[in-house]
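Observations on chain architecture
What follows is the residue order along each chain.
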Amino acid sequence: MATPILMENPLRQGLFADRVPAPCSLVIYGASGDLTHRKLVPALFDLYEKHLLPASFSLIGISRSKISDEEFKQGLKVALKESEPQLSDSLWNSFSQNFHYMAGGYDDFKTYQALSQMLDQVDQENGTSGNRIFYLSTPPNVFENIISNLGAAGLAKEEKGFARIVIEKPFGHDLESAQELNQKVKEVFKERQIYRIDHYLGKETVQNLLVMRFANSIFEPIWDRRYVDHIQITASEDMGVGSRAGYYESSGILRDMFQNHLFQVMSLVAMEPPVAFEANAIRDEKLKILKSIRPFNENTVYQWAVRGQYGPGYLSGEKVPGYREAEGVNPKSNTPTYAALKIFLDTWRWHGVPFLLRSGKRLPKRTTEVAIQFKQPPNLLFKTNVSDLSPNVMVIRIQPDEGITLKFETKVPGMSMEVRTVNMDFRYGTSFAEGTSEAYERLLLDCMLGDATLFIRGDEVEAAWAALMPVLNHWETTEPERHFPNYEAGTWGPAEADNLLEKPWRKWRRL
Ligand SMILES: NC(=O)c1ccc[n+]([C@@H]2O[C@H](COP(=O)([O-])OP(=O)(O)OC[C@H]3O[C@@H](n4cnc5c(N)ncnc54)[C@H](OP(=O)(O)O)[C@@H]3O)[C@@H](O)[C@H]2O)c1
């Protein structure tokens, strides 16, 4: 019998039905902030429109700002209209009917007692069954306070339903503070209740990395040191530091991008096939990769790590100021806004294959991608210089223009044996009618469903910090090798990054 069209297919409906979570309340700490307005509530709205929010759902926003329920909702509505200009009042009213706001200090125990009462009341009135998610969307300096108060108020107990905690990045400032935070949160919540978020893992193409590797049989056999020359992972931004100077001055590019996003993407690219598509099986394999990073030492930190900071320059024809000229930045700041690392994984599969990771601000364009560069063919048959042949590259574009491109050599039509590189392209935008979902939409849904696959386990966070600490310590105690600023805004970073490539056939991709 022919398969009915997609939406009528009972199997397909079953798939969606599985994804509707049980009733629950979502408590957001720091609800007056940017993340709640720009990302979390729009993501909840998308879930609501797809009928993927539970029928009984409540949102309770908490922060210190003294505003009413109505003012809170009005602020969220205005922010949502940015992405949903057609939003009607009736749709907004039905979506937000169970939204509440509570003003209070994060260290004031009375706020937690009042929250406990409010949650009980909401359970009774709205049937949320005692299921609670606490989302920490505040700056990290108040995380520990909130966690211990939640524990003291008995809100981490799972007597009536589930209690889960979502912790935003950054998770710690270094290894020691990450260990302390892990310890604090584990005193109150069990690991299975903890969802450490890295929104990169919610991106469609990052998830597709797993599908591409483990739902196809043609890639895995060549996914190792025998066929791969090196791997480049790039996360570039054209924006400067903007209004985040305060945070950025104490963080810098390694903490902001490498410890979390780039190391997570690298683990997914490099890990062994997990025994199941299940949170702990996948996280076990990612952890092995993070632990296999060859430690940086006093010599290799010079050879394998390059730092940079942008000076004034031009982007899209417009003159832009340097990092040191941004408001809130020390005019003599040595905070790196660019880093490139050469990483070796001491595993059987990846022995000798460099993973070249780079990220920076004020680079020519915003893009995130993984490029697997394969080895040159061993024997040259054609009257071409081997250096004229481009190696095969598989590019996995994470953002924007999500998709995969395979570059390979082909014959130019005609009488001569001219060889040229062509692309075989898969684009999400053209292959699928539905657009890719926002990362927070997927991650909020997974948390409601109790699926921690795309969240980071405590031991992974610590392993990532441990790998990065020698570079961080070295950079924070020594002057840059070349005075900052050492790259112009609108260029691809400091020239020293080329030294990481080592071999003449390796080049940073110009994106
Ligand atoms: N925004 C993003 O796109 C984004 C992306 C990735 C990760 N994150 C992470 O998500 C969390 C929230 O981000 P956000 O951009 O929403 O932050 P935010 O706007 O700076 O802060 C959120 C709320 O926390 C309270 N707050 C601010 N500074 C505080 C302080 N020093 N002590 C106590 N409370 C303070 C404020 O509410 P009250 O004054 O009303 O209490 C503020 O509205 C952060 O950990 C951030 O690193 C954000």
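Here, the structure is the one placed above.
For clarity, every value in this text was computed on a predicted model and none was experimentally measured.

It is worth spelling out the packing of helix H6 (residues 143-152) against helix H7 (residues 175-188) at this point. Following both chains from N to C, one finds H6 and H7 inclined at 15°, their axes separated by 9 Å at the closest point. It follows that H6 is roughly parallel to H7 by the angle criterion. Here H6 runs over H7; the crossing is left-handed. Where H6 abuts H7, its residues Phe-143, Glu-144, Ile-147, Ser-148, Leu-150 and Gly-151 lie against Leu-181, Lys-184, Val-185, Glu-187 and Val-188. Of the residues assigned to the contact of H6 with H7, the class counts are six nonpolar, two polar and three charged.

Here we come to the sheet that holds strand E16 (residues 403-411). The eight strands lie next to each other as E8-E12-E13-E7-E14-E15-E16-E17, forming an open sheet whose pairing is mixed. In the strand order of this sheet, the two ends are held by strand E8 (305-308) and strand E17 (419-427), each with one partner. The average undirected angle you get between the axes of adjacent strands in this sheet is 15°. One ladder, built from nine bridges, connects E16 with E17; its direction is antiparallel. In the strand pairing of E17, Gly-403 is matched with Arg-427. Running over the sheet, helix H8 (residues 204-214) touches strand E15 (393-399) and E16 and is turned about 145° from E15.

Moving on, we come to the environment of Asp-446. One can find Asp-446 in helix H14 (residues 439-449). In contact with Asp-446, other than residues within four places in its own chain, are Asp-451 and Leu-454.

With that settled, consider the sheet that holds strand E4 (residues 132-136). The six strands lie next to each other as E3-E2-E1-E4-E5-E6, forming an open sheet whose pairing is parallel. Since the sheet does not close on itself, it has two edges, and those belong to strand E3 (99-103) and strand E6 (194-196), each with one partner. If you compare each strand with its neighbour and ignore which way they point, the axes differ by 20° on average. Bridge count between strand E2 (residues 57-63) and E3: five bridges; the pairing is parallel. Bridge pairing in E3 links Gly-61 to Tyr-101.

Now for H8. Where H8 is concerned, the buried positions are Thr-205, Val-206 and Asn-208. Take H8 and look down its axis: the buried residues cluster within an arc of 150°, on one side only. Against the buried residues of H8 lie helix H10 (252-270) and E15.

Quick look at the site of the ligand now. Inspection of the region around the ligand gives 19 residues, with Gly-33, Leu-35, Ser-63, Arg-64 and Ser-65 positioned closest. If you tally residues by element for the shell around the ligand, the top one is helix H2 (residues 34-49), at three residues. Residues belonging to the shell around the ligand are distributed by class as follows: five nonpolar, nine polar and five charged.

Procedures and definitions
Residues numbered from 1 in each chain as written. Predicted model: local features only at pLDDT ≥ 70, side-chain atom pairs only at ≥ 80, totals over all residues. Axes fitted to C-alpha atoms, helices over the stretch in contact; angles between N-to-C directions. Helix = DSSP H or I, 4+ residues; strand = E, 2+ residues; numbered from the N terminus. Parallel < 35°, antiparallel > 145°, perpendicular 65-115°, else oblique. Left-handed = near helix turned anticlockwise from the far one by under 90°. Contact = placed C-beta atoms within 7 Å. Nonpolar A, V, L, I, M, F, W, Y, C, P; charged D, E, K, R; others polar. Pairing = 2+ DSSP bridges. Buried ≥ 20, exposed ≤ 12 C-beta atoms within 10 Å, placed from the backbone. Arc of directions from axis to C-beta. Near = placed C-beta within 6 Å.

The analysis is restricted to geometry; functional conclusions fall outside its scope.
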